[in-house]
There are 2 protein chains.
Amino acid sequence: MEDVSVSPNAQPLSKKAAKKQAKEAEKAALKAEKATKVEQVTEDNDFAKESYGILPLIQSQEKIDRSLVRVSELTKEKANEVVWVRARLHTSRSKGKQCFLVLRQQQFNVQGLVSVSTTISKQMVKFVAGITKESIVDVEGVVQPVDQKIKSCTQQDVEVHLQKVFVVSLANPCLPLQLDDASRPHQEIEEEGRVTVNQDTKLDHRVIDIRTTTNQAIFRLQAGICSLFRNNLISNGFVEIQTPKIISAASEGGANVFTVSYFKTSAYLAQSPQLYKQMCIAGDFEKVFCVGPVFRAEDSNTHRHLTEFVGLDIEMVFNYHYHEVMESIADTLVQIFKGLRDNFQTEIEAVKKQYPAEPFRFLEPTLRLEFQEGIAILRDAGIEIGDEDDLSTPNEKLLGRLVKEKYDTDFYILDKYPLAVRPFYTMPDPNNPRISNSYDMFMRGEEILSGAQRVHDPELLTERARHHGIDLEKIKAYIDSFRYGAPPHAGGGIGLERVTMLYLGLPNIRQTSLFPRDPKRLTP
Amino acid sequence: MEDVSVSPNAQPLSKKAAKKQAKEAEKAALKAEKATKVEQVTEDNDFAKESYGILPLIQSQEKIDRSLVRVSELTKEKANEVVWVRARLHTSRSKGKQCFLVLRQQQFNVQGLVSVSTTISKQMVKFVAGITKESIVDVEGVVQPVDQKIKSCTQQDVEVHLQKVFVVSLANPCLPLQLDDASRPHQEIEEEGRVTVNQDTKLDHRVIDIRTTTNQAIFRLQAGICSLFRNNLISNGFVEIQTPKIISAASEGGANVFTVSYFKTSAYLAQSPQLYKQMCIAGDFEKVFCVGPVFRAEDSNTHRHLTEFVGLDIEMVFNYHYHEVMESIADTLVQIFKGLRDNFQTEIEAVKKQYPAEPFRFLEPTLRLEFQEGIAILRDAGIEIGDEDDLSTPNEKLLGRLVKEKYDTDFYILDKYPLAVRPFYTMPDPNNPRISNSYDMFMRGEEILSGAQRVHDPELLTERARHHGIDLEKIKAYIDSFRYGAPPHAGGGIGLERVTMLYLGLPNIRQTSLFPRDPKRLTP
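(A) Representation of the overall build of chain A in the model. Along chain A, the regular secondary structure elements total 15 helices and 17 strands. Referenced to the eigenvectors of the C-alpha coordinate spread, the extents of chain A come out at roughly 90 × 55 × 40 Å. Here chain A, with 524 residues, has 61% of them falling under the buried criterion. Look at the contacts in chain A between residues 6 or more apart in sequence, and 70% of them connect residues 24 or more apart. As presented, chain A carries roughly 20400 Å² of accessible surface, and 47% of it is formed by carbon and sulfur atoms. Side chains of chain A carry 66 positive and 72 negative charges; the gap between the two charge centres is 7 Å.

(B) Spotlight on the interface of chain B and chain A. Counting residues at the interface gives 120 residues for chain B, matched by 120 residues for chain A. Of the roughly 9800 Å² buried at the junction of chain B and chain A (both faces included), carbon and sulfur atoms supply 59%. Summed over the shared surface of chain B and chain A, the result is eight salt bridges. Between Asp284 of chain A and Arg88 of chain B there is a salt bridge, with the nearest N and O atoms lying 2.6 Å from each other. Linking chain B with chain A are 63 residue pairs in polar contact (both at pLDDT 80 or more), by the criterion used here. Considering every element that reaches the side of chain B that touches chain A, the biggest residue donor is helix α7 (residues 213-235) of chain B, with 10 residues. Grouping the amino acids of the side of chain B that touches chain A by side-chain chemistry returns 59 nonpolar, 31 polar and 30 charged.

(C) View of the pairing of strand β3 (residues 98-105) of chain A. Residues and elements named next belong to chain A. Among the eight residues of β3, seven are classified as buried, and the element is accordingly described as predominantly covered. Pairing geometry for strand β2 (residues 82-95) and β3, over seven bridges, is antiparallel. For Arg93, the partnering residue across the bridge sits in β3 and is Phe100. Where β2 hands over to β3, the hairpin turn is made up of two residues, of which Gly96 adopts a positive phi near 60 degrees. Once β3 ends, the chain turns through two residues before running back antiparallel as strand β4 (residues 108-115), passing Gln106 with a positive phi of about 55 degrees.

(D) Fine view of helix α15 (residues 496-504) of chain A. Residue and element names in this part refer to chain A. Of all nine residues making up α15, nine are buried, and the element is well covered by its neighbours. Along α15, the positions that sit buried rather than exposed are Leu496, Glu497, Arg498, Val499, Thr500, Met501, Leu502, Tyr503 and Leu504. Just downstream of α15, Gly505 is the residue with a positive phi angle, here 70 degrees.

(E) Representation of the pattern of salt bridges in the model. Per the counting criterion, the structure on display carries 75 salt bridges over all chains. A salt bridge links Arg230 of chain A to Glu240 of chain B; the nearest nitrogen and oxygen atoms lie 2.7 Å apart. Placement of the pair is Arg230 of chain A in helix α7 (residues 213-235) and Glu240 of chain B in strand β7 (residues 239-240), with the two residues belonging to separate chains. The residues Arg230 of chain A and Glu240 of chain B share a single accessibility class, namely buried. One salt bridge connects Asp138 of chain B with Arg86 of chain B, and the closest N-O pair in it is separated by 2.7 Å. With Asp138 of chain B in strand β5 (residues 136-145) and Arg86 of chain B in strand β2 (residues 82-95), this residue pair connects regions lying 52 residues apart in the sequence. With respect to class, Asp138 of chain B is no different from Arg86 of chain B; both count as buried.

(F) Quick peek at the state of the cysteines. Within this structure, the stated rule accounts for zero disulfides over all chains. Free cysteine: Cys99 of chain B, not disulfide-bonded; nearest cysteine sulfur from Cys153 of chain B at 13 Å. Judged by relative accessible area, Cys99 of chain B falls into the buried class, the value being 0%. Between Cys226 of chain B, a free cysteine, and Cys290 of chain A, which holds the nearest cysteine sulfur, the sulfur-to-sulfur gap is 11 Å.

(G) Expanded view of the nonpolar core. Ranked by size, the top nonpolar core spans 97 residues in total, and within it Phe411, Tyr439 and Met441 of chain A carry the most contacts. Setting aside chain neighbours within four positions, we find Phe411 of chain A in contact with Ala330, Leu333, Val334, Phe337, Phe360, Arg361, Phe362, Thr366, Met441, Phe442 and Met443 of chain A. Among the nonpolar cores identified, the runner-up in size contains 92 residues, and Val334, Val351, Met443 and Leu449 of chain B belong to it.

(H) Inspection of the sheet that holds strand β13 (residues 367-370) of chain B at higher detail. Residue and element names in this part refer to chain B. If you trace the eight strands from one edge of the open sheet to the other, you get β7-β11-β12-β17-β16-β15-β14-β13, paired in mixed fashion. Among the strands making up the open sheet, the edge pair consists of β7 and β13. The strands that helix α11 (residues 371-380) touches are β13 and β14 (411-415); relative to β13, the one it contacts most, it runs at about 80 degrees.

(I) Molecular detail of the relation of the copies chain B and chain A. The two copies are related by a screw motion: chain B maps onto chain A through a turn of 180 degrees and a shift of 0.0 Å along the axis, at an RMSD of 0.0 Å. In short, the pair behaves as if placed about a two-fold rotation axis. Within chain B, Val260 of chain B has its C-alpha nearest the rotation axis, a separation of 2.2 Å. When the interface residues of chain B are mapped onto chain A, 100% of them again fall at the interface, so both copies present the same face.

(J) Focus on the environment of Gln222 of chain B. Residues and elements named next belong to chain B. Relative to the elements of secondary structure, Gln222 occurs in helix α7. Along the sequence, Gln222 and Glu473 sit 251 residues apart, while their C-alpha atoms lie 40 Å from each other. The residues contacting Gln222, other than those within four sequence positions of it, are Leu496, Glu497, Thr500 and Thr512. A distance of 3.0 Å separates polar atoms of two side chains, one belonging to Gln222 and the other to Thr500.

(K) Spotlight on the side chain of His456 of chain A. Locating His456 of chain A in the fold gives a position in the loop between β16 (446-453) and α13 (458-467). The residues contacting His456 of chain A, other than those within four sequence positions of it, are Met427, Phe482, Ala486, Pro487, Pro488 and His489 of chain A together with Leu57 and Ile58 of chain B.

(L) A look at empty space enclosed by the protein. Summed over the entire model, instances satisfying the criterion amount to eight cavities of 30 Å³ or more. By volume, the largest cavity is sized at about 260 Å³. Along the walls of the largest cavity sit 27 residues, with Val310 and Glu497 of chain A together with Gln242, Thr243 and Pro244 of chain B positioned nearest its centre. Among the elements of the structure, α7, β11 (287-295), β12 (308-317) and α15 of chain A together with β11 (287-295) of chain B are those that each provide at least two residues to the lining of the largest cavity. In terms of residue class, the lining of the largest cavity is built from 15 nonpolar, seven polar and five charged. Counted as a void, the second largest cavity has a volume near 190 Å³. Every residue lining the second largest cavity is counted, 21 residues in all, and those nearest its centre are Gln242, Thr243 and Pro244 of chain A together with Glu308 and Val310 of chain B.

(M) Geometry of unusual backbone geometry. All names here are of chain A. Of the consecutive residues Glu364 and Pro365, the connecting peptide bond is found in the cis state with omega at -5 degrees. Structurally, the position occupied by Pro365 is in the loop between α10 (345-354) and β13 (367-370). For the bond running from Thr523 to Pro524, omega is -5 degrees, close enough to zero to count as cis. For Pro524, the location among the structural elements is in the segment after α15.

(N) Structural detail: the pairing of β12 of chain A. Residue and element names in this part refer to chain A. Among the 10 residues that make up β12, 10 are buried, leaving the element largely enclosed by the rest of the structure. Across seven bridges, the pairing between β12 and strand β17 (residues 489-495) is antiparallel. Considered in β17, the bridge of Met316 is made with Ala490.

(O) Examining the packing of α7 of chain B against helix α9 (residues 323-343) of chain B more closely. Residues and elements named next belong to chain B. Relative orientation of the contacting elements α7 and α9 amounts to 135 degrees, with a least axis distance of 9 Å. One element, α7, and the other, α9, form an angle in the oblique class. The two elements α7 and α9 cross, and the hand of that crossing is right-handed. Across from Leu221, Ile225, Leu228, Phe229, Asn232 and Leu233 in α7, the residues of α9 making contact are Thr332, Gln335, Ile336, Gly339 and Leu340. Classifying every residue of the contact of α7 with α9 gives seven nonpolar, four polar and no charged.

(P) Highlighting the sheet that holds strand β7 (residues 239-240) of chain A. Residue and element names in this part refer to chain A. Taken together, eight strands build an open sheet; the order of strands is β7-β11-β12-β17-β16-β15-β14-β13 and the sheet is mixed. Of all strands in the sheet, those with a lone pairing partner are β7 and β13, marking the two edges. Sitting on the sheet, helix α8 (residues 274-282) is in contact with β11, β12 and β17, with an inclination near 25 degrees to β12.

How each quantity is defined
- Residues numbered from 1 in each chain as written.
- Chains lettered and ligands numbered in written order.
- Predicted model: local features only at pLDDT ≥ 70, side-chain atom pairs only at ≥ 80, totals over all residues.
- Heavy atoms only, no water.
- Helix = DSSP H or I, 4+ residues; strand = E, 2+ residues; numbered from the N terminus.
- Buried < 20%, exposed > 50% of the residue type's maximum accessible area, 1.4 Å probe, protein only.
- Contact = heavy atoms within 4.5 Å.
- Areas by Shrake-Rupley, 256 points an atom, 1.4 Å probe, with all protein chains shown as cover.
- Lys, Arg positive; Asp, Glu negative; His and termini not counted.
- Charge placed at Lys NZ, Arg CZ, Asp CG, Glu CD.
- Buried area = accessible area lost by both parts, 1.4 Å probe.
- Salt bridge = Lys/Arg side-chain N within 4 Å of Asp/Glu carboxyl O.
- Polar contact = N/O pair within 3.5 Å; in protein donor to acceptor, adjacent residues only side chain to side chain.
- Nonpolar A, V, L, I, M, F, W, Y, C, P; charged D, E, K, R; others polar.
- Pairing = 2+ DSSP bridges.
- Disulfide = S-S within 2.5 Å.
- Core = buried A, V, L, I, M, F, W, Y, C linked by side-chain atoms within 4.5 Å.
- Axes fitted to C-alpha atoms, helices over the stretch in contact; angles between N-to-C directions.
- Least-squares fit on C-alpha atoms with pLDDT ≥ 70 in both.
- 1 Å grid on protein atoms, 1.4 Å probe; cavity = no way out; pocket = protein on both sides within 12 Å on 5 of 7 lines; lining within 4 Å.
- Points joined across faces, edges and corners; volume = space filled by probe spheres on them.
- Parallel < 35°, antiparallel > 145°, perpendicular 65-115°, else oblique.
- Left-handed = near helix turned anticlockwise from the far one by under 90°.

This is how it looks when you write it as structure tokens:
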């Protein structure tokens, strides 16, 4: 019984251990697999028995000299070639003496076919038909051009006529969610009453959920944002810094901070790299950036708040005016938008299929409005709002829509916020003590960046901290940083997940965090 | 009195606020500055009074149309040009009617000179001589070639004859450490009995300490390591991922983990992105990397342990043998070493001046020794060590020296560690249950990476976790990740600060962390 499910030809095992491992793997597989027909493999009189089966657990027994072809490479150019492919079994459908498979590799898939023949037994077709969805298989087959395009696959011009099929890793037959359900466009769900998967189920089973074409695209694009951000800054002379996340005093004044037990004392998780990137400016690095987690102990259960997110932070010196920095940050974002538009169309299109959205629009140079202009636009639209009120989320969104109508841009800067609504380290406007040298940037009407000129004078900083009721003793090291000569500087912090969400026009920030954290979610 | 120290010509202020700000800045400055002679500026009858002074706090009053020249650009090519420069006053020395200054900008510096003349008054020279070290100044001057090279400056062929000198930000006259002392080579300290600055003082005043040429070089090179790491991986098809740092269960089995209060429950700080990068592999990303903080609540006060450090993590699928991954990681490190050698010689040389070290040597392909070979080398050198003992730090270092002697490399791989000394998720060797498919990589005899093939089979993983006494309930999500088809994979985690330290041959890891965290240090 033992030998049948192992194929010594497919992956010859020179050691005794192979047998033991095969047994173990088979045992494990069978255990998880009672509902399937895999156990029926074990017919000794099967002439095809060496062409299929469950491989022993790959424990690096051998360095096999066999190259695997990528699914994306399976095109007409490979017609009639014999190829080996490792892929997931996306779906299978057996029909008499045939079994059609869809083999998936990330966002690519191809049709496979096993038919009873002189080399392929009934038992083999039955075995293949019994392999559970999402299992990983090694297959050998001949690439065959097809007359009619296979519309359900990305590789539409060929199918693979399989000669050998081995299971590398067998999936549990009960999948907690079906990829096709998780990938279904909203429209189909609403119009056709089709099955969908709710967000919590998706997040609970994120390992399966992130396999969808949509999620593969979202997180590849997100990696692209990071890369574009860094490359743009590095080519402009910025230095990447690493700032500590465990800190001795709350960086933004004490509210909404997570406490950590630290040996015999306690510490906090940094709410931003703010103080540290400024210390690097006082320490002569001139232009710095960092990419890293920031933590907010805010009990906000909204579509756009996370308790842990990734901050893309910038801080730089300027010569005379903080607009030098503000424009440099806006330009960095514009370079990101251009890079995404030019290099990530495949990903953008993939996401759009499930979540339709208008292409992201932006202007060059970036539109800058002053806060009071924004207030005026809102008032024109009938909103009652005070001069020094911060913008509520609905007002932010409304303003975004109004700005889009008027200026045709999804990205703009709102400059010169009231001093009262900004952190203590924000530089007051030189002409009006109620206004500050600070700005937010918006994408599709939602804030993705907050920034400002910082107070680089220790006396004024002390005064501002005191005004905000901050314990001066706790931020002593920070204030002292500016006592030994500090250049004027400004900066900002971008929320990575928000940029991804809003660039793609997605409805929820949990879709753009691989393993989101919110007040109610700590797993997986 | 008020007007004198403000120079309306240098930076004309169109608003009333300027005056107020000037007053504030001056007040603050004077307060910090009682010991200096700056107050003596205030002579109304000084014909040069508009050529020097303390600028009002730069609050972005104006967008001034004046370009500033970089110190590094001050060469013979600019002879006789009038330039504006913003720089730190590194040192000054007055001599009769003259004052020599060294103006510093990051790692570059140039000599400046103010001499009494028809345009420069005695009072002005006195003012300049009184400016505190580390203050930031805006100066206007003429670039003058010199006959004898100025050996104490990086710009040896010119000096700047200053016409105007304005203080942008005045440093406190009592510096907690002197840059020249903090930059002194070990050799000089020992041989000549010169003043040095101990490490804790440096770290306590990191904002000043990181201004030294050595530290500017260390952290620029460290940024280079990150950049080379990522670019190499991205060009090889890796996807950057962001993994959560707040987690619900200790990722490496429960020891040495920091606890965080998380709303009404508690959570932990991730000791590595291990489980999450593996989940991304099970989620079809195939090749992933991440750069981020990792946390270890280890009460280790050694030269090479931090409680928070930056992990450069890699995880990737392989086809048949984990050496595919191990070689790929080693190659990534080799690409980093080459990139540093080819693009960071200036930084390497700068650090070497203070901390002499042999150039870092490596082989291609990377030397791989099996653990038992390492043990044999140690035994040949008279060390008593068991077959399954892990290497102690002294033995690691000794082995590094012996390997260097024998193979002339500072970088090598030690493969096939005893299973007993590796984490539960390490794949056992298929042929010997006491050995594992795991490896460490070493630089100058110290471990910088630990990696392995991971167990991708949920049953074997359960068995291994149970063997290690791990609470299965707590790692359920992790084990479950492998139930829905998981490819064979391997990876590793690199300690960024260790790579920087060992590449440069520095003695202490606190030198390669901007704001180090250890059991006794949480600030700044």
